[in-house]
Amino acid sequence: MTAPINALFERGFSLHQQGNLDQAKSIYEEVLSQAPTHAEAKHLLGVCHHQSGENPAAAKHIESALTLDPGNVAFLYNLGVVYQELGHDDGAAKCYFAVLESQPANLAALVNLGNLHFKRGVFSEALHLYRQALRLEPGSADHHLRVARSLRNIGNSVDALGHLGTASLLAPEDEAVQSEVLFTSQYVPGINLPDLSRRHQEWWNRFSSGPEPIAPPELARKAAPPYRVGFLSPDLGNHPVGIFLAPLLERLRKNKEVEVFCFNDRKTDDEFSRRLRDASDHWHDCAGMGDEALLELLHREQLHVLIELAGHTENNRLPLLATRVAPAQATWAGYVGTTGSEMIDYLITDPFHTPDGTEDFFSETLLRFPHGYIGYEPPSYAPEVGALPFLENGYPTFGCLNNPSKLSHSTIQLWSEILRRLPESRLILKYKGMDDRAVRERVLGLFRIDGVSPDRVEMIGQTNHVEHLSLLNRIDIALDPTPYSGGLSTCEAMWMGVPVVTCPGDTFASRHSLSHLTNAGFTDMITDSFPAYVEKACTLASDADALATIRAGMRERMSNSPLCDLDGFAEDFVSALEAIVGHAG
């Protein structure tokens with residue numbers, strides 16, 4: 001390599017380090033025009049494109065660099081990062097595997113490969129990689145946080161809290177860790193509504209210091225239609241939040257009194273994010289945007305009401321809302337109960353999730369819709385309801401199509417009692433990650449301890465949605481988990497003619513099925529104790545003809561119920577907005 005080329009490259013590298021990406025790109029390109037086999041120039045040109053958000057070009061240049069230097073670990077790692085952002089997960093995984101073959105202790109590759117496995121629902125592999133990272137860096141709160149999230153998704157929320165406790169000791173000011181503590185607490189049996197209220201209040205007391213609010217809530221009452229309403233969420237896509245939100249926004253779009261602003265904190269694009277975008281008056285992609293830039297954007301839009309849909313789930317923006325970005329702020333649908341934030345004025349709820357007498361356990365004012373706090377839109381491609389499997393099989397088949405994180409030990413003990421009482425019965429469990437080795441070993445092992453042979457429990461992983469719904473045609477009775485109840489899964493089961501047996505507790509998360517069953521008109525599936533839950537499931541399973549009758553009429557009953565009255569739900573939503581801004585009838 002000639003001295004002039006080296007000098008030119010060093011100049012480009014210096015500009016790159018200073019953040020002058022466009023100038024650095026130009027110089028790297030000049031280097032390559034004179035030295036086409038300069039591998040590092042190709043690599044860094046790709047890195048510049050990646051840092052500029054131009055990932056297809058970044059991939060092309062780094063791929064080219066690797067043809068010149070195939071084993072370069074830095075090239076492989078950075079190509080993995082680019083592939084990961086492009087959604088080329090298989091390519092990214094191959095890059096990280098190659099990095100780890102050369103450098104087994106490469107923390108970044110361990111974590112990124114773990115993230116890929118986590119995304120796919122291969123929680124056992126994700127947990128193994130995160131634990132490797134933790135062994136290499138035992139004082140890292142971030143590694144404890146990743147281990148905890150993996151344990152929660154496997155269903156072991158109790159051990160997850162142990163790691164979160166360690167993380168909170170290591171990083172007491174890390175708000176993400178404390179939010180994960182609150183979210184994971186929702187899955188742990190024995191943690192009741194007063195416990196959750198206290199924990200959320202403690203979070204607020206620790207993290208509420210910040211800039212003074214920009215405006216008191218009363219300013220919202222000066223608003224006049226059209227009401228400028230913002231929705232902020234990292235889940236504006238194929239996620240229960242996006243699925244429930246889409247039909248509402250499509251109806252609000254026709255209402256001249258509401259102007260909808262969506263702030264999309266999600267990187268990936270899918271059919272639901274496109275549908276939500278089309279239904280919005282204004283759409284802002286803000287994934288990767290810092291709090292300061294997002295705050296400026298929110299202020300610029302001069303919202304009357306901002307509704308956040310994440311609560312304490314991952315990638316939330318609750319610290320930003322503590323500065324009061326809109327005169328009136330509300331939380332809805334993405335979390336399960338109070339946020340603890342005194343800067344969030346309203347929790348959108350219903351009388352079933354938050355009955356009279358529970359007001360003191362919520363920092364927000366409870367804005368109760370008259371029916372449900374969400375409306376359900378059945379998918380147009382849903383299969384027809386099939387014949388009752390019991391009639392063909394000669395035995396009842398129970399099922400649960402919920403996240404493995406909801407399969408607490410108390411849930412499995414409850415279901416084991418049902419299966420022991422009905423020794424011919426079977427159980428089907430299905431969800432993303434349900435076929436993961438660690439999930440299977442934990443669940444089947446707990447059933448074995450409780451006297452149920454593993455060959456009576458079928459565990460199925462992720463499929464497309466049509467196949468997911470079709471599986472319900474193999475199930476006679478759905479069993480709701482505890483203490484975190486099914487939401488969308490309960491609606492889907494009912495739409496496919498499958499009754500859902502539930503036993504609500506006092507927490508918001510435990511009462512989803514109570515709300516949906518009540519609004520669909522199936523209150524006889526709601527029990528008030530675990531013995532009653534077992535008895536209800538066994539009684540249903542003892543009469544195939546009665547089950548067949550329920551199955552045959554369930555879809556029609558549900559379609560005519562408040563749960564599926566999307567126009568009525570939109571009217572309730574507008575009434576709620578009017579109440580917030582002081583223009584209620």
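Data block above holds the structure.
Residues numbered from 1 in each chain as written. Predicted model: local features only at pLDDT ≥ 70, side-chain atom pairs only at ≥ 80, totals over all residues. Heavy atoms only, no water.

Caption draft 1: Up close: the nonpolar core. Counting 153 residues, the largest nonpolar core has F231, W332, W415 and L429 as the members making the most contacts within it. If we skip the residues at most four places from it in the chain, L429 touches C400, L407, W415, M434, V443, F447, V457, E458, M459 and I460. Formed by 24 residues, the second largest nonpolar core is a distinct cluster that contains L66, L79, Y83 and L129. (Core = buried A, V, L, I, M, F, W, Y, C linked by side-chain atoms within 4.5 Å. Buried < 20%, exposed > 50% of the residue type's maximum accessible area, 1.4 Å probe, protein only. Contact = heavy atoms within 4.5 Å.)

Caption draft 2: Molecular detail of the pattern of salt bridges. Here the structure, examined in full by the defined rule, presents 26 salt bridges. Of the charged contacts in the structure, one is a salt bridge between R149 and E314, with a shortest N-O distance of 3.2 Å. Highlighted residues: R149 in helix α9 (residues 141-154) and E314 in the loop between β4 (305-308) and α16 (318-321), separated in sequence by 165 residues. Where R317 meets D265, a salt bridge forms, and the shortest distance between an N and an O atom there is 2.7 Å. Of this pair, R317 sits in the loop between β4 and α16 while D265 sits in the loop between β2 (258-264) and α14 (271-279), and the two are 52 residues apart along the sequence. It is possible to trace a salt-bridge network through shared partners that takes in R149, R152, E180 and E314. (Salt bridge = Lys/Arg side-chain N within 4 Å of Asp/Glu carboxyl O. Helix = DSSP H or I, 4+ residues; strand = E, 2+ residues; numbered from the N terminus.)

Caption draft 3: Main features of the sheet that holds β2. Strand order across the open sheet formed by 7 strands is β3-β2-β1-β4-β5-β6-β7, with parallel pairing between neighbours. Only two strands of the sheet have a single partner each, and these edge strands are β3 (282-285) and β7 (365-368). The mean inter-strand angle of the sheet, taken between neighbouring strand axes irrespective of direction, is 25°. For strand β1 (residues 227-233) and β2, the ladder comprises 7 bridges, and the chain directions are parallel. Pairing of S233 across the sheet is with N264, part of β2. Against the sheet, helix α25 (residues 566-581) makes contact with β1, β2, β4, β5 (328-331), β6 (346-349) and β7, and its axis sits at roughly 110° relative to β1, the strand it touches most. (Pairing = 2+ DSSP bridges. Axes fitted to C-alpha atoms, helices over the stretch in contact; angles between N-to-C directions.)

Caption draft 4: Local environment of unusual backbone geometry. With omega at 10°, the peptide bond leading from T482 into P483 counts as cis. Here Q302, not a glycine, exhibits a phi torsion of approximately 50°, which is positive. You can call Q302 exposed: its relative accessible area is 59%. In this structure, N315 is a non-glycine residue whose phi angle is positive, near 65°. Tracing the sequence through the fold places N315 in the loop between β4 and α16. You can call N315 exposed: its relative accessible area is 54%.

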